[in-house]
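This is what each chain is made of:
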Amino acid sequence: MEAPEEGRSARKRKAIMAAATQVFLAKGYLGTTIDEIAALAAVSKQTVYKNFGDKEQLFAEIVLATTDEIDELVRLVSASLDGTDDLDRDLGALARRFLAALMRPHLLRLRRLVIANADRLPHLGRAWYERGFGRVLTTLASRFQALSESGRLRLDDPMLAAQHFVGLLLWIPINKAMFSGDDETSCTPAELERYADAAVRAFLGAYGAEAPTRR
């Protein structure tokens, strides 16, 4: 049974994280103050400092907490392509679910915020990439390597192939979202599905077993 004090501490920490996320996304890193976060979370400034140290550490915890969501994508990649008997079908399903996951509005807003502060907090940007997107690419590359060994794909560099696949998927929708600032309507579900299907066709045209031999 959870001790009362531990329960209160956990609730306060959760409230601070939620409040800080809301303020950071609304006002940016530089525009956010601990006073605003404390007021929104209904705690004292001292409580914020006690739990997170300072604004930079709090921001880092919020950013890196989202890498837990990447676990879902890592599992999805492994489950979708491990032992597939219909690569076109399963790669297409993976592409559509991959896009749907990465185009969630809160992730797009956070991505924009991390990029905006990459010069100020480069260690955080690197950690977010390595612990998040980098893990997905590594998993995808390992699946592509296995598919190459079984004759389903033709490739020499699995990581480059993984980068190409993800680039084909994300180039249009991510850029539309990053530059438009409208995370809710930058792409419709039908558009995302079309981009996913087109990316798979292009990828298999280059790397599929029937693709022309590359020199």
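Residues numbered from 1 in each chain as written. Predicted model: local features only at pLDDT ≥ 70, side-chain atom pairs only at ≥ 80, totals over all residues. Heavy atoms only, no water.

Asker: What is the right way to read the nonpolar core from this model?
Answerer: Nonpolar side chains in soluble globular proteins tend to be buried together. Counting 43 residues, the largest nonpolar core has Leu-91, Leu-140, Phe-144, Leu-153, Phe-165, Leu-169 and Phe-203 as the members making the most contacts within it. For this core, the elements supplying multiple residues, two or more each, are α5 (67-81), α6 (87-102), α8 (122-149), α9 (158-180) and α10 (189-207). Look past the residues within four positions of Leu-91 in its chain and what remains in contact with it is Leu-81, Phe-144, Phe-165, Val-200, Phe-203 and Leu-204. Ala-20, Phe-24, Ala-38 and Val-63 belong to the second-largest nonpolar core, a separate cluster that totals 26 residues. (Core = buried A, V, L, I, M, F, W, Y, C linked by side-chain atoms within 4.5 Å. Buried < 20%, exposed > 50% of the residue type's maximum accessible area, 1.4 Å probe, protein only. Helix = DSSP H or I, 4+ residues; strand = E, 2+ residues; numbered from the N terminus. Contact = heavy atoms within 4.5 Å.)

Asker: Looking at this model, I keep getting lost on the packing of aromatic side chains. Mind explaining?
Answerer: Any two aromatic rings considered together are summarised by their centre-to-centre distance and by the angle between their planes. Summed over the entire model, instances satisfying the criterion amount to eight aromatic pairs. Centroid distance Tyr-29 to Phe-59: 5.1 Å. Interplanar angle 50 degrees. Geometry classified as tilted. With Tyr-29 in helix α1 (residues 4-31) and Phe-59 in helix α4 (residues 55-65), this residue pair connects regions lying 30 residues apart in the sequence. Classification of Tyr-29 by relative accessible area gives buried; the value is 9%. Relative accessible area serves as the criterion here: at 1%, Phe-59 is assigned to the buried category. By the ring-pair criterion, three or more aromatic residues cluster together here, those being Phe-144, Phe-165, Phe-203 and Tyr-207. Over the ring of Tyr-29 we find Lys-55, and its NZ or CZ is 4.5 Å from the ring centre. (Phe/Tyr/Trp six-rings, centres within 6.5 Å; stacked < 30°, edge-to-face > 60°. Lys NZ or Arg CZ within 6 Å of the ring centre and 35° of its normal.)

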